[in-house]
Amino acid sequence: SSPGFVNVSFQLRRRTRSARFCAEPGVESFDFGGGSVPRGSMGAKVVDMEDFGVVFDIDGVLIRGKQRLKGGKEAVEYCEEYGVPHVFLTNNAMDLESARADYLSSVLGPQVRADRMICAHTPLNDLPDEVKQGLVLVTGFSTGDVRDILLFKGFKNVHTVHEYAEKRPYLVPNKLYPGRKLTAYEDPDLVISEEEEKVSAVIVIENSTDWHEDLQVILDVLRSDGRVGSSMDEQMVDIYCCNYDFVFATGFRNPRLGPGAFMKCLEILFKETTGRELEVKSFGKPFPPAYRTTERRLAAQSKSGTVPETIYAIGDNPRSDIAGANRAGERYKSILVRTGVFNGNLDNDPEDPADYVVQNVEEAMDLIRAIHTVKN
C-alpha cells in the first residue's frame, strides 16, 4: 500500500480492481489511477449521465423494514438532480407499483415516481389477452386485496386459491371452512361437475399465507386439465411465479423464507406425484422479463431514447440481484452491498459473484462516480 492509504478490493468475476481510501481525517477517496474522487462527493462532474443508468434494489439496499439505510436518500437525490436514468427493481410484489413508490417515498424521503418502480409482477402487463380472459387463481400476501393487482393489469376472471378451495372443501379435507359443520373427511358430496370452468393459469404473486392449502390446491390444479380431479400426462395449466427469492431481508437479524422456498416445495411435490418437472413461467429477478422491462424504463428517461451503455445493478441478494444482473447482458455491472441478505465476512459470494462488493449503497454510488468522473 502507498503511505496513508488502505487498500480495499472490489472483487470481480474475472479480475480484482483495487480502490484506495485516503486515511487523512475527513478525506476518503476512490483512486483508480489518474485521479481520485472524494467519497460522498455529490457534486462530482461526470462525463455523460446518459452513458450509465442505475438499478436500485430496495429492501436491504435503500431501506430495511421501515429503517432508512445509509446513503439511500442521497443516492436517489443524486440521480434525480443530475438526470441519471434510474429505476427501482424489487421482487416485492405485495402491492401495486404506485403504492410501493409511495411507501418508499415515505421511508426514504425523496418522492419516488411510480413509473420508475418495477415490481416483480410488473411484467404481467405484457401477458397476452387470452391469458387475462381465462379463470386465473392467485395467491400471495398483499397489503390490500391481491386480486386487485391482477384486475388493475387487465385480468378479467380472478379468484384467490382460498376462494377456490372454500367452494371445494374436499381438496383440503382436514380444514374446516366457515359455514361447514363437517370436515371433508366426513362429507359424502365429493362429486366433481364435468361442467366446471377450467382454470387457465395460477399466479403466485408473493409469499403464501397458508402453505398447506396453497400447496395442496395448486398441486391438484397443475395435475389436471384445469378441472380438479382430472389427471393428465402432461402439464395443461400454466403457473407464473413473480418472486423467486428464497429468502429476503427484514428488520429481523436473520433472513426470512420467501416465495422461492414455497415454489421449491411445490416443485418437489409435483415431481414426487407426477414424475415430471414442473414448468414455471418466472418473473422478477433473476429472470429476463424483469431486465427487459428495466431497459425500456431506463431508455424512456434518456434524451436519446436508448438504453444506457452501462447499467449498474445494486443489490444485497446474490441469488436474485447479482445473478440476474450477471445474466442480463454485457452492459450490466453488478454491485453487491453488505446491508441485507449478504452481510458476512466473505470477500464475494462464491456462487454468484458480483462485479464489485461494497459496504453499502453510499459506497456503491461513490464507486460509480469514480468510474465516470472526468480526469483533470
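The rules behind each value
Residues numbered from 1 in each chain as written. Predicted model: local features only at pLDDT ≥ 70, side-chain atom pairs only at ≥ 80, totals over all residues. Heavy atoms only, no water. Patch = residues over 30% accessible without salt bridge, like charges linked within 9 Å, V, L, I, M, F, W, Y side chains within 5 Å. Areas by Shrake-Rupley, 256 points an atom, 1.4 Å probe, with all protein chains shown as cover. Salt bridge = Lys/Arg side-chain N within 4 Å of Asp/Glu carboxyl O. Lys, Arg positive; Asp, Glu negative; His and termini not counted. Charge placed at Lys NZ, Arg CZ, Asp CG, Glu CD. Helix = DSSP H or I, 4+ residues; strand = E, 2+ residues; numbered from the N terminus. Buried < 20%, exposed > 50% of the residue type's maximum accessible area, 1.4 Å probe, protein only. Pairing = 2+ DSSP bridges. Phe/Tyr/Trp six-rings, centres within 6.5 Å; stacked < 30°, edge-to-face > 60°. Lys NZ or Arg CZ within 6 Å of the ring centre and 35° of its normal. Polar contact = N/O pair within 3.5 Å; in protein donor to acceptor, adjacent residues only side chain to side chain. Core = buried A, V, L, I, M, F, W, Y, C linked by side-chain atoms within 4.5 Å. Contact = heavy atoms within 4.5 Å.

Asker: Pulling in residues and values, what's your account of a negative patch on the surface?
Answerer: A cluster of like negative charges, contributed by Asp233, Glu234, Asp238 and Glu279, occupies part of the molecular surface. Locating aspartate 233 in the fold gives a position in the loop between helix H6 (211-222) and strand S13 (238-241). Its relative accessible area of 74% is what places aspartate 233 among the exposed residues.

Asker: Please set out the sheet that holds strand S8 (residues 86-89) residue by residue, giving values where relevant.
Answerer: If you walk across this open sheet you meet the 6 strands as S9-S8-S5-S17-S18-S19, and the pairing is parallel. Lying at the two open borders of the sheet, with one neighbouring strand each, are strand S9 (117-118) and strand S19 (356-357). Across 5 bridges, the pairing between strand S17 (residues 310-315) and strand S18 (residues 332-336) is parallel. Bridge pairing links isoleucine 311 to tyrosine 332 in S18.

Asker: Tell me what's going on with the packing of aromatic side chains, and back it up with residues and numbers.
Answerer: One pass over the structure, following the stated rule, counts 7 aromatic pairs. Considering the side-chain rings of tryptophan 211 and phenylalanine 262, the 5.4 Å spacing of their centres and the 85 degrees angle between planes classify their relative orientation as edge-to-face. Of this pair, tryptophan 211 sits in helix H6 while phenylalanine 262 sits in helix H7 (residues 259-274), and the two are 51 residues apart along the sequence. The exposure class assigned to tryptophan 211 is partly exposed, which follows from its relative accessible area of 26%. One Lys or Arg, arginine 168, reaches over the ring of tyrosine 164 and ends 3.7 Å from the middle of that ring.

Asker: Account for the environment of threonine 306, with residues named and values stated.
Answerer: Mapped onto the elements of the fold, threonine 306 is located in the loop between helix H8 (288-301) and S17. Judged by its relative accessible area of 44%, threonine 306 falls in the partly exposed class. Sequence-wise, threonine 306 and glutamate 295 are 11 residues apart; in three dimensions their C-alpha atoms are separated by 8.7 Å. Engagement of the side chain of threonine 306 in a polar contact is seen with the side chain of serine 304, the distance being 2.7 Å.

Asker: Can you break down the nonpolar core residue by residue, with the values?
Answerer: Residues Phe56, Leu62, Phe88, Leu104, Ile314 and Ile335 are the most contacted members of the largest nonpolar core, which totals 31 residues. For this core, the secondary structure elements donating two or more residues are strand S5 (52-56), helix H1 (72-82), helix H2 (97-108), S17 and helix H10 (361-372). Of the residues forming this core, the biggest block, 5 residues, is contributed by H10. Not counting chain neighbours up to four residues away, the residues in contact with phenylalanine 88 comprise Phe56, Ile58, Leu62, Val76, Leu104, Val112, Arg116, Met117 and Ile118.

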